[in-house]
Amino acid sequence: MSAHVSADDAGAPRAQVGPNPQHLLTTLLGEYLDSSDADLPSVAVVAMLREFGISESSARAALSRLTKRGLIAVRGAGRPPVYHLTPQAIARHRSRMDHFLSFGARPPRWTGDWVTVSFSIPQSGQAPRHAVRKALGSLGFARLYDSVWIRPGSDSGPVTQALHDILDGVDGGRWSVMRACFDEETGPHGPAAAYDLAGLAAAYEAFIARYSDLRVAVRDGEVDATRALVARTSVMDSWRKFPDIDPNLPEHLLPAPWPRQAARDLMLEIHSALGSLAEARLIQVATPYWPDAASWITHFRASENSVSARAGGDG
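For the protein, the name recorded in an unreviewed UniProt entry is PaaX family transcriptional regulator C-terminal domain-containing protein, with Streptosporangium vulgare as its organism.

Written out as structure tokens, the structure is:
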């Protein structure tokens, strides 16, 4: 999720946003297409990704992989193929855009509760141990001690189900899910010690440094539609990792000053200001291969209550 265009070369019209065409295509579809009724020709997708320096073969490979994942599907049996987003993908994209654009808007409601997981797996159980750690990480848990993992909050349902799925058939596997409160929340023995907050702060600072020059260019009206599509997509592609890696700890557990708000403000300013320009460029690029592009291509923005809303397009 670290794909980006640096601030220094964000103006290059065909600068590649990242090395992963599949991830880039997911970002583009999530940002600019919001209907499963739209027929999306493969040649239009190739043209869209060409804006980011992605070759035709890589673009078609990305389409194939997203099809296998069920995010897009082929419509009919024509050649060249025509794709459409699945209803499940549309729902997921809307949910994820809401998550990306609203993350950090308000401090979490804090009760002092932590979901705590402790597990024991025999030495021979390397595969299930790896599966448990992967599942815990994807659910936002951090390792406090060797086999003790924590996350803020009180919702234990998802992790309980995940541990049942992985360990119920493992001989000698034991685990417990608990709700805990720490007598000493702050300091070296508190829960914040489980997180690399210094590394996370550095990532936010790097994001700010990377896109500060772009914000100046946006304010000065120096970003045209061609540059807007690449730059805006780059900003979202770089920002979208933070809601997944930031545990959203309460303020009293964070070092001061904490740079998340500054990074979020920068992201929102660029993302909002360049939305219409980026949409216009994507329509311009796709229309020669997809005459109905203007009827379907849209863009997401943050509304006043920090939740994403569709803007533009008729789809």
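Across a sheet, strands are paired by hydrogen bonds formed along the backbone, either parallel or antiparallel in direction. If you trace the four strands from one edge of the open sheet to the other, you get β5-β6-β4-β7, paired in antiparallel fashion. Looking at the sheet topology across the chains shown, the edges are occupied by β5 (142-145) and β7 (174-180). Taking the axes of each pair of neighbouring strands and ignoring which way they run, one obtains an average angle of 30 degrees across the sheet. Taken together, the three bridges between β5 and strand β6 (residues 148-152) define a ladder with antiparallel strand orientation. Paired with Ala142 across the strands is Ile150, a residue of β6. In this fold helix α5 (residues 126-138) packs onto β4 (114-120), β5 and β6, with an angle of close to 175 degrees to the strand it touches most, β4.

This brings us to empty space enclosed by the protein. For the structure on display, the rule yields two cavities of 30 Å³ or more. Here the largest cavity defines a volume of roughly 90 Å³. Around the largest cavity, the lining residues are Thr26, Thr27, Gly30, Glu31, Arg92, His93, Arg96, Met97, Phe100, Met236 and Arg240. Contributions of two or more residues to the lining of the largest cavity are made by α1 (21-32) and α4 (87-102). If one sorts the elements of the lining of the largest cavity by residue count, α4 sits on top with five residues. When its residues are assigned to classes, the lining of the largest cavity shows three nonpolar, four polar and four charged.

It is worth spelling out the pattern of salt bridges at this point. Across all of its chains, the model carries nine salt bridges by this definition. Close ionic contact of Arg219 with Glu269 constitutes a salt bridge, the shortest N to O distance being 2.6 Å. Taken together, the residues span a long stretch of sequence, with Arg219 in helix α7 (residues 197-219) and Glu269 in helix α10 (residues 260-273) at a distance of 50 residues. In this structure Glu269 comes out as partly exposed when scored by relative accessible area, which is 27%. Residue Arg260 pairs with Asp246 through a salt bridge whose shortest N-O separation is 3.0 Å. Of the two residues, Arg260 is situated in helix α10 and Asp246 in the loop between α9 (242-245) and α10; the sequence distance between them amounts to 14 residues. Members of the salt-bridge network, linked through shared partners, are Arg215, Arg219 and Glu269.

Attention now goes to unusual backbone geometry. Cis geometry marks the peptide bond from Ala256 to Pro257, where omega comes out at -5 degrees. The residue Pro257 is located in the loop between α9 and α10 in this model. Within the chain, Asn248 stands out as a residue other than glycine whose phi angle is a positive 55 degrees. Topologically, Asn248 is positioned in the loop between α9 and α10.

Time to look at the nonpolar core. In terms of nonpolar packing, the biggest core is built from 41 residues, with Tyr195, Tyr204, Phe207, Leu214, Trp239 and Met267 touching the most fellow members. Those elements that place two or more of their residues in this core are α4, β5, α7, α8 (225-239), α10 and β8 (299-302). Broken down by element, the residue count for this core peaks at 11 residues, all from α7. Setting aside residues up to four positions removed in sequence, Leu214 forms contacts with Val223, Arg227, Ala231, Val235 and Ile270. Counting residues in each nonpolar core, the second largest holds 34 residues, with Tyr32, Ala44, Val45 and Val230 among its members.

How each quantity is defined
Residues numbered from 1 in each chain as written. Predicted model: local features only at pLDDT ≥ 70, side-chain atom pairs only at ≥ 80, totals over all residues. Heavy atoms only, no water. Pairing = 2+ DSSP bridges. Helix = DSSP H or I, 4+ residues; strand = E, 2+ residues; numbered from the N terminus. Axes fitted to C-alpha atoms, helices over the stretch in contact; angles between N-to-C directions. Contact = heavy atoms within 4.5 Å. 1 Å grid on protein atoms, 1.4 Å probe; cavity = no way out; pocket = protein on both sides within 12 Å on 5 of 7 lines; lining within 4 Å. Points joined across faces, edges and corners; volume = space filled by probe spheres on them. Nonpolar A, V, L, I, M, F, W, Y, C, P; charged D, E, K, R; others polar. Salt bridge = Lys/Arg side-chain N within 4 Å of Asp/Glu carboxyl O. Buried < 20%, exposed > 50% of the residue type's maximum accessible area, 1.4 Å probe, protein only. Core = buried A, V, L, I, M, F, W, Y, C linked by side-chain atoms within 4.5 Å.

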